[in-house]
Amino acid sequence: MSGSWEKTACILCECNCGLEVQIGGPGNQHFTRIRGDKAHPSSKGYACEKPHRLDYYQNDPDRLTAPLRRKDDGTFEEIDWDTAIREVAARLAAVRDEHGGEAIFYYGGGGQGNHLPGAYSTATRRTLGSRYRSSALAQEKTGEFWVGGRLMGNMTRADFEHCEVGIFIGKNPWQSHGLPRARVTLKEMAKDPNRTMVVIDPRRTETAAMADIHLQVKPGADAWLLAALVAILVQEDRINHAWIAEHVDGVQDVLAEFREISVAAYCEVSGVPEELVRETARRIGTAESVAIFEDLGIQMNKHSTLNSYLNKLLWVLTGNFAKRGAQYVPAPIVAITGKLDKLGAGVEAKRSPVVGDRIISGLTPCNSIPDEILTDHPKRYRAMIVESGNPAHSVADSQRMREALRSLDTLVVIDIAMTETARLADYILPAATQYEKAEATFFNFEFPENYFHVRHPVFEAPDGVLPEAEIHARLCEELGAYTDEDLEPLRAAAKLGRAALLPVFFGNVLSNPKLAPLAPVILYRVLGPHLPDGLASAAVVWGLVHQAARANPGSLRRAGFDGDGFEPAEKLFDAILGSPSGVVFAVDEQDESWARIHTPNGKIQASIPDLFDELRSLADGSESAGDATFPFVLSAGERRSFTANTILRDPEWRKKDPEGSLRISPQDAARLGIADGVHVRLTTKRASVEVAISVSGMMQPGHVSLPNGLGLDHTSNGGDRVQTGVAPNELTASEDRDWLAGTPWHKHVPARIEALA
Ligand SMILES: Nc1nc2c(c(=O)[nH]1)N[C@H]1C(S)=C(S)[C@@H](COP(=O)(O)OP(=O)(O)OC[C@H]3O[C@@H](n4cnc5c(=O)[nH]c(N)nc54)[C@H](O)[C@@H]3O)O[C@H]1N2
Ligand SMILES: Nc1nc2c(c(=O)[nH]1)N[C@H]1C(S)=C(S)[C@@H](COP(=O)(O)OP(=O)(O)OC[C@H]3O[C@@H](n4cnc5c(=O)[nH]c(N)nc54)[C@H](O)[C@@H]3O)O[C@H]1N2
Ligand code: SF4
Ligand SMILES: [Mo]
């Protein structure tokens, strides 16, 4: 493939911008040039600065190239794949036989760029009888999903390309993106005098600096600010009564909660001048369209689920839904939210087996995992499969997480690199990278046109690694999930083509309770070999596309995938295989969002009494401004130019700030007598670390911020293992979490700073 431009995508954030890459260098194993792919339906040639460093992902010295087994002395030895699969299957089967499959916990399933492993893992999980799982979503989005579920049985996204008013709450899209071509969209919004950009953030972020209105809230005080915004809409009667009468139930109860709120007092607590808050509320109340994006600044903070509710009330009360420039419900290929329709129908979330926390979107809260493992309880998790995730680093309270992972009977890690989590494993199964196999993500949130991208491999995988589809198929086979006889009719049909496979697959597999849960790996085995070169791992997509076609036939038809029966899905699957830049699979009308509301009467259910006590409690007080022991609020895990979770492990990838400094306000730095670049001691109730500071006008006094994704250990050029920067979750605590969704307070960690002698 040397020299030619190949198409793929960036895997460093959820946008998955299309890329064109040139391959070369030693052994033709390197990216030599990288640029945005103009043919990509969403990113259209856009790319930020980060993908130019992707060779650090593909060619990491800590890349795993053979299955590893832990020895008694704690070191690892290489084993062959047959041994690895046999022993992993036997160890997990033993846990299942003794304690039941529920004792086998699954974590991960995909990062920013790869969601096919999670799809294949369902077969292994169902074979083992595993029931509980989690992923990073359960430390960010589950509170928002719960609110969306209760309001409308679904999730929403928003149209920032066309909104008149665009609001970012605890979100810094200039750095973190999250909207297609983020910087272009932000610049357009900023320069248009008829549009208003609002940022709610205690920091003067890059996004805040270009906004029309920056509500520079005190850290952790968003609930008061958002409640004040809603209260102003209610008290000044700037709500859309006609729209509400038609589309929303339960509004009277909501209005009653906000009529008596003292806007002045709440603004005072929030630290934002009342006049500016009123101006913002009026702008929201009179705009043609309002789009809102909430993210980690409130989702990983005090009152996080309540904040999600207050945010959504802003657009529910003003009718900013199912129209251009407002909130919408996208047509997914796979809904990453899981089924929210049950919440919409009033069915409460299930609970985790040990501590009884809410399982939202099928996910145990990340912060509960140590308790679910370490509590002496008959239903505790005893074994764990971690795939494409690094919970020993990314989940709160790394110390307790490590203790929990170490205490398991069996820990199996499927990853491409030696990570903090892999280091604790009993078995490590090395996967092909995302550039060595077909991959895709289910972060497909665009509207009215939504797209899906199956990326083709651009490198040969080295010997010794396998794609996850193959790993899961082998595990299922070793566990005796299906036999050759089961597959024989399917194999025979697949040889004749997909048309022949269809009736056999739907007849023999999907309507057979034993085989239906194994569909992903069965497709990989029977359809995979007949897919174009390198695309075998896309076999599961065929099944997913058929599901999507049944769920949203109109959207596919408008995108050109029409016909009877299986025809639209078959056409779409062909288009996906034949479009290395991605394909528009859904085209919607604005009002299609209404059809995706899953409440019994199809209306938004505005009243969520479960949250009213917390809302009322705001009247009593304020977020503590810190105490003598911990006078600062630390936000642990800010997105910066050169952070990308733990996807890039080599610290060399950072062009700037390689160690990830602690940002602190000029006022605090002066008071503490510390200057840019000096090292300080940063202490929380969990740990104490040394870190270099950077004095930054972005910060308000009392607030300090550490980047995410640092503190990884890595093999240096000299062969030693070195750790660079601070791992944020050494400083966080698992008990510090939202009472309802269990989401962590990573952005609000009480801390102390001392100058070093
Ligand atoms: N460069 C880069 N981009 C990324 C990633 C990455 O690692 N690096 N990761 C991706 C992932 S996984 C995600 S989930 C997204 C996250 O994207 P964001 O949520 O935008 O990222 P953060 O920087 O973690 O947090 C956003 C903001 O919250 C603010 N904040 C802190 N405390 C408070 C508070 O009390 N109230 C309010 N309102 N705001 C507060 C911070 O100042 C920060 O600007 O980014 C994605 N994009
Ligand atoms: N304190 C604090 N903690 C946080 C956050 C924060 O802001 N503050 N942010 C949180 C958020 S929003 C997120 S999303 C999480 C992210 O944390 P995690 O969900 O743990 O994900 P990543 O760090 O992205 O790690 C992805 C893993 O996948 C591996 N990988 C890459 N490609 C492949 C592949 O093709 N196959 C396999 N099997 N593995 C692969 C990588 O080597 C890496 O180990 O962190 C969370 N943790
Ligand atoms: S916006 Fe995200 S996906 Fe796009 S190039 Fe930057 S890091 Fe990669
Ligand atoms: Mo995330």
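Calculation rules
For every chain, the first residue of its written sequence is number 1, and the numbers climb from 1 along that sequence. Whichever chain is written first is A, and whichever ligand is written first is 1; the rest continue in order. It should be noted that, the model being predicted, local features are given only for residues of pLDDT at least 70 and side-chain atom pairs only at 80 or more, the latter also being counted only at that level, while totals for whole chains, interfaces and linings use all residues. The side-chain quantities take in all heavy atoms of the structure and omit both hydrogens and water. The near set for a molecule or strand comprises every residue that places at least one heavy atom within 4 Å of it. Each polar contact in these results corresponds to two N or O atoms within 3.5 Å; when the atoms are within protein, one needs to be able to donate a hydrogen and the other to accept it, and residues that are neighboring in sequence are counted only if both atoms are side-chain atoms. Note that accessible areas follow from Shrake-Rupley with a 1.4 Å probe, and for residues the cover is restricted to the protein chains shown. Segments assigned H or I by DSSP are reported as helices when at least four residues long, segments assigned E as strands when at least two residues long, and all are numbered from the N terminus. Each residue gets one label: Ala, Val, Leu, Ile, Met, Phe, Trp, Tyr, Cys and Pro are nonpolar, Asp, Glu, Lys and Arg are charged, and the others, such as Gly, are polar. When a carboxyl oxygen of Asp or Glu is within 4 Å of a side-chain nitrogen of Lys or Arg, the pair counts as a salt bridge. Note on classification: 1.4 Å probe, protein chains only; a residue is buried when its accessible area is under 20% of the maximum for its type, exposed when over 50%, partly exposed between these limits. All the domain ranges listed were derived from an automatic or database domain assignment. Two parts lose some accessible area (1.4 Å probe) when they are put together, and adding that loss for both gives the buried area. We call two residues contacting when some pair of their heavy atoms lies within 4.5 Å. Lines fitted to C-alpha atoms define the axes here, with helix axes fitted over just the stretch in contact, and angles between the N-to-C directions of these axes take values from 0 to 180 degrees. Oblique is the label for any angle not covered by the other classes, which are roughly parallel (under 35 degrees), roughly antiparallel (over 145) and roughly perpendicular (65 to 115). Each crossing gets its hand from how the near helix is turned against the far one by less than a right angle, where anticlockwise is left-handed and clockwise is right-handed. Pairs of strands are assigned from DSSP output, requiring at least two bridges between the strands.

As for the site of ligand 2
Stage number 1. Neighbouring ligand 2 are 31 residues, the closest being Asp-415, Glu-468, Ala-636, Arg-639 and Thr-646.
Stage number 2. Measuring from an oxygen atom of ligand 2, one finds a side-chain N or O atom of Ser-388 at 3.3 Å.
Stage number 3. Within the side chain of Asn-729, one N or O atom sits 2.8 Å away from a nitrogen atom of ligand 2.
Stage number 4. Here ligand 2 loses 96% of its free accessible area of 920 Å² to cover by the protein chains.
Stage number 5. Looking at the shell around ligand 2, the elements that each hand over two or more residues are strand 18 (410–415) and strand 23 (632–638).
Stage number 6. Its residues assigned to classes, the shell around ligand 2 shows eleven nonpolar, 14 polar and six charged.

Focus: the pattern of salt bridges
Stage number 1. Scanning all chains against the criterion turns up 58 salt bridges.
Stage number 2. When the shortest N-O distance is used, the salt bridge between Arg-282 and Glu-236 registers 2.8 Å. Taken together, the residues Arg-282 in helix 12 (residues 274–286) and Glu-236 in the loop between helix 8 (222–235) and helix 9 (241–247) connect sequence positions 46 residues apart.
Stage number 3. For Arg-282, a relative accessible area of 28% puts it in the partly exposed group.

Concerning the domain arrangement of the protein chain
Stage number 1. Assigned domains of the protein chain: these are domain 1 (5–58), domain 2 (68–131 + 338–441 + 449–587), domain 3 (142–333 + 602–615) and domain 4 (626–755).
Stage number 2. Spacing between the C-alpha centres of domain 1 and domain 4 amounts to 29 Å.
Stage number 3. Between domain 1 and domain 4, roughly 890 Å² of surface is buried when both sides are summed, and carbon and sulfur atoms account for 67% of that area.
Stage number 4. Contact with domain 4 buries area across many residues of domain 1, yet Leu-12, Arg-53 and Tyr-56 alone supply 60% of it, more than any other trio.
Stage number 5. Our count for the contact surface shared by domain 1 and domain 4 stands at zero salt bridges.
Stage number 6. Counting every contact that joins domain 1 to domain 4 gives two residue pairs in polar contact (both at pLDDT 80 or more).

Focus: the environment of Leu-313
Stage number 1. Tracing the chain through its elements places Leu-313 in helix 14 (residues 304–318).
Stage number 2. For Leu-313, a relative accessible area of 0% puts it in the buried group.
Stage number 3. The residues touching Leu-313, leaving out its near neighbours within four places in the chain, are Val-230, Val-254, Phe-258 and Ala-606.

Focus on the packing of helix 20 (residues 484–496) against helix 21 (residues 498–510)
Stage number 1. The interhelical angle for the contact between helix 20 and helix 21, taken along N-to-C directions, is 160°, at an axis separation of 7 Å. Of the possible angle classes, the one that applies to helix 20 and helix 21 is roughly antiparallel. By crossing handedness, the relation of helix 20 to helix 21 is classed as left-handed. Residues Pro-489, Leu-490, Ala-493, Ala-494 and Leu-496 of helix 20 pack against Ala-500, Leu-501, Val-504, Phe-505, Asn-508 and Val-509 of helix 21.
Stage number 2. Taken together, the residues of the contact of helix 20 with helix 21 break down into ten nonpolar, one polar and no charged.

Observations concerning the site of ligand 3
Stage number 1. Neighbouring residues of ligand 3: Cys-10, Leu-12, Cys-13, Cys-15, Asn-16, Cys-17, Ala-47, Cys-48, Lys-50, Pro-51 and His-177.
Stage number 2. The residue makeup of the shell around ligand 3, split by class, is eight nonpolar, two polar and one charged.

Brief notes about the sheet that holds strand 18
Stage number 1. If you walk across this open sheet you meet the seven strands as 5-4-19-18-17-6-7, and the pairing is mixed. Every other strand in the sheet has two partners, leaving strand 5 (76–78) and strand 7 (133–134) as the edge strands with one partner each.
Stage number 2. Its contacts with the sheet put helix 19 (residues 468–478) on strand 17 (383–387), strand 18 and strand 19 (427–430), and the angle it makes with strand 18 is roughly 145°.

Examining the pairing of strand 28 (residues 712–715)
Stage number 1. Looking at chain direction, strand 28 and strand 29 (residues 721–724) are connected through four bridges and run antiparallel. Each bridged residue has a counterpart across the sheet, and for His-714 the counterpart in strand 29 is Val-722.
Stage number 2. Hairpin geometry of strand 28 and strand 29 is characterised by an intervening segment of five residues between the two adjacent antiparallel strands and by a positive phi of about 95° at Gly-719.

Points about helix 19
Stage number 1. Across the eleven residues of helix 19, eight count as buried, placing the element largely inside the fold.
Stage number 2. If you check which residues of helix 19 are buried, you get Glu-468, Ala-469, Glu-470, Ile-471, His-472, Ala-473, Leu-475 and Cys-476.
Stage number 3. Contact partners of the buried residues in helix 19: helix 2 (81–99), helix 3 (116–128), strand 17, strand 18, strand 19 and helix 22 (519–526).
Stage number 4. Just past helix 19, the residue Gly-480 takes up positive phi, approximately 75°.

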